[in-house]
Structures are given as structure tokens and as C-alpha cells.
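Coordinate inspection notes
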Amino acid sequence: MKKAEHFQCARVQVMISMRSYSGKALAMVAFGLAFAAPLFVTLALTDAGSAISKPWAPETKPAAAKAHRLVLQINTDDPTVMRALISTSLNLPKYYRETKQDFSIEIVAYNAGIHMFRVDTSPVKELLKVVQALTPDIRFVVCEATKLGMERSEGHPISFIDNVQMVPSGPGRIIELQEAGWSYIRS
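Report on the accompanying structure. Every chain is numbered independently, its residues counted from 1 as its sequence is written. Local features in this predicted model are restricted to residues whose pLDDT is 70 or higher, and side-chain atom pairs enter the listing and the counts only when it is 80 or higher, whereas totals over whole chains, interfaces and linings include all residues. Working from all heavy atoms in the structure, the side-chain values ignore hydrogens and water.

1. Things to note about the pairing of strand 3 (residues 139–143)
What counts, and what does not: Remark: exposure states derive from per-residue accessible area (1.4 Å probe, protein chains only) relative to the maximum for the residue type, with buried under 20%, exposed over 50%, and partly exposed in between. By the criteria applied, helices consist of DSSP H or I runs no shorter than four residues and strands consist of E runs no shorter than two, each listed in order from the N terminus. In short, DSSP must find at least two bridges between two strands for them to pair. Convention used here: a crossover is right-handed provided that the path from the first strand, over the helix, to the second strand proceeds clockwise when the strands point away from the viewer.
Within strand 3, four of the five residues are buried, leaving the element largely enclosed by the surrounding structure. Across four bridges, strand 2 (residues 103–109) lies against strand 3 in parallel orientation. Paired with Val108 across the two strands is Val141, which belongs to strand 3. Taken together, strand 2, helix 3 (residues 125–134) and strand 3 constitute a β-α-β crossover, and its handedness is right-handed. Bridge count between strand 3 and strand 4 (residues 164–167): four bridges; the pairing is parallel. Each residue of the ladder has a partner; that of Phe140, found in strand 4, is Val164. Regarding topology, helix 4 (residues 144–154) serves as the crossover connection from strand 3 to the parallel strand 4, and that connection is right-handed.

2. A closer look at helix 4
Convention followed: Read the arc as the range of directions from the helix axis to the C-beta atoms.
When we look at burial in helix 4, the residues that qualify are Thr146, Lys147, Met150 and Glu151. Mapping the buried residues of helix 4 onto a view down its axis gives an arc of 135 degrees, with all of them on the same face. Across helix 4 from its buried face, at more than 90 degrees, point the exposed residues Arg152 and Ser153.

3. Let's talk about the packing of helix 2 (residues 79–98) against helix 3
What counts, and what does not: In this description, a line fitted to the C-alpha atoms serves as the axis of each element, helices being fitted only across the stretch in contact, and the angle between N-to-C directions of two axes falls anywhere from 0 to 180 degrees. Throughout, the term roughly parallel applies to angles under 35 degrees, roughly antiparallel to angles over 145, roughly perpendicular to angles from 65 to 115, and oblique to all others. Should the near helix be turned counterclockwise from the far one by less than a right angle, the crossing is left-handed, whereas a clockwise turn marks it as right-handed. Note on contacts: a residue pair is in contact if any heavy atoms of the two residues lie within 4.5 Å. Only Asp, Glu, Lys and Arg are considered charged in this grouping, and only Ala, Val, Leu, Ile, Met, Phe, Trp, Tyr, Cys and Pro are considered nonpolar; every other residue, Gly among them, is considered polar.
Two elements in contact, helix 2 and helix 3, have axes separated by 11 Å at closest approach and are oriented at 15 degrees. Relative to helix 3, the element helix 2 is oriented roughly parallel. Here helix 2 runs over helix 3; the crossing is left-handed. Here Arg83, Ile86, Ser89, Leu90 and Arg97 of helix 2 come into contact with helix 3, specifically with Leu127, Leu128, Val131 and Leu134. Here the contact of helix 2 with helix 3 is composed, by residue class, of six nonpolar, one polar and two charged.

Quick look at the structure:
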């Protein structure tokens, strides 16, 4: 084959290839427009802000006021710790009353902390009378297991101030209240 014929043959092949590529390119453009055209028309006919993704928020009603519930524990016979706990049990109700919010407080005593409520050994007996007068709905709770152990070791029954209630286990009571959603502050 001569050089000129070879050149002519290669030129024909390139032209055929270009036609097939241009046909494919044209088909791809037409295919793309088939999908893009409806998108552009939709965007042109709708508000552009409505296409922005917004987080879903269910229609909500005003929430009912949540009652605040607090459990305080005392497990030491340290009068300073007892006074700090009494201060907390007086200040929180005052705050919640001023803000017109419901509240409940339970003080749970176990181990040496039951001295706080004992008639014969309480260093804060008079302060507890003030707490009961100002906050009558506060609940004082003593661990019965601790009480029974002290009675055995001391050899006589133990008496508590008025309105003290017994629970089988002080730490168990704290756990139950926390599992029921009560807040817990350790003094």
C-alpha cells in the first residue's frame, strides 16, 4: 500500500471514529437533558427556600411544669456536713416556691448519718425542727438495717425525732429514687 493510500485510509477511520464519538456525546447530552430539564423547571416554579432541608419538629404543646425531686443523703455524724445538708434542704424549697415550681425532698440517713435524726445524739435536732416547720413536705428517712445494728451494739432501743420514716436499706432507697428520676446531691 502506498503512503498516500495509507494516509487516506487512516483519515477515513478517524472520521468514522469521530462520528461515533460525536454520536455518543450527543446521546449523553440528550440523556442528561431529559433528567435535568424537569429539575430546572421544578426549581423555577417553586420557592427556592422550600428546597432547603429543615429539621423535622413535631407540633408541640406547652410542657406541663415538671416537679423537681431531690434526694439528699447523710452517712456521717459530722455536724458541719449535717448543717450543710440542712442549708440545702431549706434553700432549694425557698427557690422553687419563689419560681412557683413543684418540688419534693427526701433526706436519707444511713451508717453514722442516722445520728442526725436520733433524739439522744443529734447535734442538729433544733435545726431539724425549723426545717420541718418551714418545709413540712420534706421527708426524713432512716436505714432500718443501720438502726438495728446500732441497737444491737449499744444494747438499747434508739428513738428518732418526729416524722422519721424507716426503709429497709438507706443506700437501696437512694438507688430506687435515682432510678425513678430523682436528682441526687451528696453532701
